[in-house]
Amino acid sequence: MRLARVIVVVVLAALASVYVVAGAPIALAVFGVQVLYLLTLRTWWLLATQAVLVYTASVAGGVSTGILGFLAGSLLLTPAHRDIARVLAPFVVASAALIDAARGGATADATITVILVSLVVFGLTRLVERAGEMHAARLSLAAAAVAAERLRLAAELNDGLGRSLEVIVEGGHRALAEPDGAAEVLASVTATARAALADARAASANYRATSLAPELVTARAMLDAAGIAVEVRGGHTEPLGPGGALLANVLREAVTDVVRRGTPRLCVIETSEQGDERGNTVRLRVVDDGHRTAEGPDFDGLRLEEAGGTLTTGLSPSGRFVVEATLPRGPATEAAPSQAGAGEAGAGGMGAGDAHAPEFPAGRRRRWPLPTLTHDASYAMSVAVLAAVLVGFSAKTLLQLDGPLAIPAAACLAVIVVMQLRSVNGRHMVALTVMAVLTYAPIPVFGPVWLGAAGFLAGPVLLAFPWRAAWPTTVAIVASVAAAGMLFGLPAPVLANSTLSALVTGLVVYALLRLAQIVKELQAARESLARAAIVEERLRAARDLHDLLGHSLAAILLTCELARRLKCPQERIEEIVAMAEGARADLRSVSGEQRELSLAAEVESARTVLSAAGIRVTVEPVELSLPAEVETVLGTVLREAVTNVLRHSEARHCAITMRADERGLRLRVRNDGVSAGKTRRGSSGIGNLTTRLAALDGRLASHVDGDRFTLDACVPHRAPVPAQM
């Protein structure tokens with residue numbers, strides 16, 4: 001915001017310099033008071049001082065009544081007694097007209113000048129203030145967007161998964177109360193648990209589909225673990241919507257193929273976004289140096305063509321293998337079928353679950369629209385002030401022309417004003433060319449009066465080019481005004497005034513254009529921040545759905561199936577009820593409530609769940625006093641590891657080991673029963689855990705050795721402190 005304030009001070013100094021050059025050094029005092037009033041103090045005594053200065057200069061000193069515009073602008077900005085101040089501002093304008101009429105001057109021109117100066121003072125200052133307010137409010141907007149997203153998530157999840165958990169709890173209580181009908185009730189509870197688990201996995205995949213970030217994290221982790229150098233260059237904006245799942249699948253398959261071959265030394269993953277007349281297109285490129293032939297991974301079933309995308313593979317001229325996928329961000333992407341879970345994890349891996357987005361509630365496909373972000377009127381105000389100032393300058397020029405010339409001059413000025421307003425949206429060389437032609441070509445027809453149009457050209461030039469090119473060009477434009485004035489034989493005072501006025505007009509136009517752009521950029525930046533916060537919130541919900549609630553539901557389902565095989569399942573039913581109550585707490589955590597996990601409690605839970613499944617468990621815990629965030633992350637890792645032992649292996653033994661040293665705490669989960677025919681693939685679980693550990697500067701590693709799978713998580717925790725017994 002410092003740049004915006006500097007722009008305002010420079011423009012005010014330029015306006016004051018016009019009166020100083022005209023022989024009124026008192027304008028320097030007016031400028032000083034104006035800067036104090038605008039940037040630091042908004043008091044009536046300072047306003048009164050300014051009134052004394054401008055009226056003294058105008059009435060007693062014979063200075064142009066345009067200097068009263070500083071006072072009128074300040075009155076419009078007065079925070080206290082705003083209504084009174086705004087009533088006084090028109091009186092200041094009227095007094096300028098009366099003073100000029102008493103002198104026998106051009107009353108209309110004087111009135112327009114006062115209005116223009118007041119608009120410039122008011123408009124520039126308000127734009128800077130609004131830009132500062134928008135900058136300060138960017139975090140609160142992001143927080144509000146996240147809060148709205150959490151409420152939406154909570155309502156949606158409670159409507160589906162919350163109801164399922166309630167059914168499980170009620171069914172458990174009913175089975176305990178009516179042992180004779182327990183078998184039938186358990187069958188119903190088991191079906192509900194199975195459906196809820198499928199919904200949780202599919203919902204997690206659907207949340208993740210809006211972003212490529214988790215898959216990029218997973219890809220980096222897989223390549224690092226395989227000893228392959230990796231470069232990730234992200235150039236797209238998020239959220240991507242449901243089509244993001246398709247690109248995630250392409251990335252997952254491509255990286256899995258790179259890891260499987262094991263020959264590459266470098267893999268480059270690049271995303272970009274391009275726009276054309278058909279809309280924006282997102283491109284994903286995966287390049288590696290390990291192929292010897294053009295034969296690539298199998299992408300059958302991804303069906304990017306159905307979503308309006310393309311997928312190509314092959315060797316580049318440099319001998320590198322390239323996988324390139326493009327997908328439009330338009331309606332075709334929204335309609336694409338979800339492929340979020342393609343590529344189930346192998347034994348011991350972190351599976352994504354069901355591949356299809358859930359019908360949740362049944363019969364209605366879920367959509368994930370972004371919350372409507374509050375629209376700010378600052379940009380509209382900036383354009384309105386710019387238009388008013390341009391029209392005012394144009395009116396001053398037309399007042400100096402004879403009747404027959406006024407119509408063609410008005411047409412030329414109208415075109416210039418339109419071109420100026422187009423400059424707000426960026427650099428337009430066609431508009432600059434048109435303005436340059438209309439600045440110089442009419443001079444022989446309209447005479448010296450048209451020299452002021454050069455100021456309209458100087459402003460966009462300052463905006464369109466780098467400073468090293470803009471300022472020499474602007475100096476050349478101002479010099480051309482002086483040269484043309486000398487050719488017309490203008491008196492020295494008039495020539496100096498015309499030349500300086502062209503420069504001041506250029507600075508005013510530049511300031512209004514630049515501040516309009518700053519406001520627009522701040523709007524885009526804060527909305528982008530809010531959208532990024534929403535995407536991050538969805539990814540957090542996806543991680544919690546997969547890692548916390550998914551584990552709880554998987555344990556409930558396993559216990560339900562075990563209970564149905566027992567003649568006296570009362571103890572198992574009590575466990576089901578307790579786990580369902582715990583799952584309710586997990587659901588609240590998914591909805592945004594912070595929940596801390598106890599590592600010791602998670603170890604005991606893992607021992608119970610694995611033992612219930614007939615798996616022998618050995619645990620070597622270490623008693624430490626750990627920060628809550630470390631316990632929560634490691635507890636989440638342990639949950640996910642246990643879930644995948646149950647889902648992806650036929651384990652007979654599982655060892656849970658914790659080791660502590662000065663470098664940190666290491667958690668290792670090692671199980672047997674891994675099928676040799678299954679391969680490790682990229683998935684949501686590995687990305688979730690990698691992201692969680694990365695937040696604590698930790699890391700995750702996994703590997704398969706024969707029929708044994710090992711998961712290692714390390715969190716750097718300085719100087720572990722033994723827990724007090």
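Rules and cut-offs
Residues numbered from 1 in each chain as written. Predicted model: local features only at pLDDT ≥ 70, side-chain atom pairs only at ≥ 80, totals over all residues. Heavy atoms only, no water. Pairing = 2+ DSSP bridges. Helix = DSSP H or I, 4+ residues; strand = E, 2+ residues; numbered from the N terminus. Axes fitted to C-alpha atoms, helices over the stretch in contact; angles between N-to-C directions. Buried < 20%, exposed > 50% of the residue type's maximum accessible area, 1.4 Å probe, protein only. 1 Å grid on protein atoms, 1.4 Å probe; cavity = no way out; pocket = protein on both sides within 12 Å on 5 of 7 lines; lining within 4 Å. Points joined across faces, edges and corners; volume = space filled by probe spheres on them. Nonpolar A, V, L, I, M, F, W, Y, C, P; charged D, E, K, R; others polar. Phe/Tyr/Trp six-rings, centres within 6.5 Å; stacked < 30°, edge-to-face > 60°. Patch = residues over 30% accessible without salt bridge, like charges linked within 9 Å, V, L, I, M, F, W, Y side chains within 5 Å. Areas by Shrake-Rupley, 256 points an atom, 1.4 Å probe, with all protein chains shown as cover. Salt bridge = Lys/Arg side-chain N within 4 Å of Asp/Glu carboxyl O. Contact = heavy atoms within 4.5 Å. pLDDT = per-residue confidence, 0-100.

On to the sheet that holds strand 11 (residues 708-715). Reading across the sheet, the five strands line up as 6-8-9-11-10 and stay open at both edges, with mixed pairing between neighbours. The two strands at the open ends of the sheet, each matched to only one other strand, are strand 6 (616-620) and strand 10 (699-705). Neighbour-to-neighbour, the strand axes of the sheet open up by a mean angle of 10°, direction not taken into account. Note: strand 10 against strand 11, seven bridges, orientation antiparallel.

Even without being a glycine, aspartate 697 presents a positive backbone phi close to 65°. By the element assignment, aspartate 697 lies in the loop between helix 22 (684-694) and strand 10. With a relative accessible area of 65%, aspartate 697 lands in the exposed category.

With that settled, the discussion passes to the layout of surface pockets. One number sums up the size of the largest pocket: a volume of about 1,200 Å³. In terms of lining, the largest pocket is formed by 42 residues, of which the most central are Val18, Asp109, Lys396, Asn497 and Ser501. Among the secondary structure elements, those contributing two or more residues to the lining of the largest pocket are helix 1 (2-21), helix 6 (107-136), helix 12 (378-399) and helix 18 (492-565). Ranked by the residues each element gives to the lining of the largest pocket, the list is headed by helix 18, at 11 residues. Here the lining of the largest pocket is composed, by residue class, of 26 nonpolar, 13 polar and three charged.

With that settled, consider the packing of aromatic side chains. Within this structure, the stated rule accounts for four aromatic pairs. Put simply, the rings of Trp467, Trp471 and Tyr510 touch in pairs and so form one group of aromatic residues.

Here the focus is a nonpolar patch on the surface. Taken together, the side chains of Trp44, Ile84, Val87, Leu88 and Phe91 define a hydrophobic patch exposed on the protein surface, amounting to about 490 Å² of accessible area. Per element, the largest residue contribution to the nonpolar patch is four residues, and it comes from helix 5 (residues 82-103). Among the structural elements, valine 87 can be located in helix 5. According to the relative accessible area criterion, valine 87 is partly exposed, its value standing at 49%.

Position of arginine 2 relative to the elements: it lies in helix 1. Spatially, the C-alpha atom of arginine 2 lies 9.7 Å from that of glycine 132, the residues being 130 residues apart in sequence.

This part takes up the side chain of aspartate 257. Position of aspartate 257 relative to the elements: it lies in helix 10 (residues 244-261). Those residues in contact with aspartate 257 that sit more than four places away from it in its chain are His291 and Pro297.

With that settled, the discussion passes to the confidence of the model for the protein chain. It should be kept in mind that the predicted coordinates are not to be read in detail where pLDDT is low. With 80% of its residues at a pLDDT of at least 70, the protein chain reaches an overall mean of 77. Considering only residues more than four positions removed or in separate chains, one finds that residues 719-725, a stretch of pLDDT under 50, has 12 contacts.

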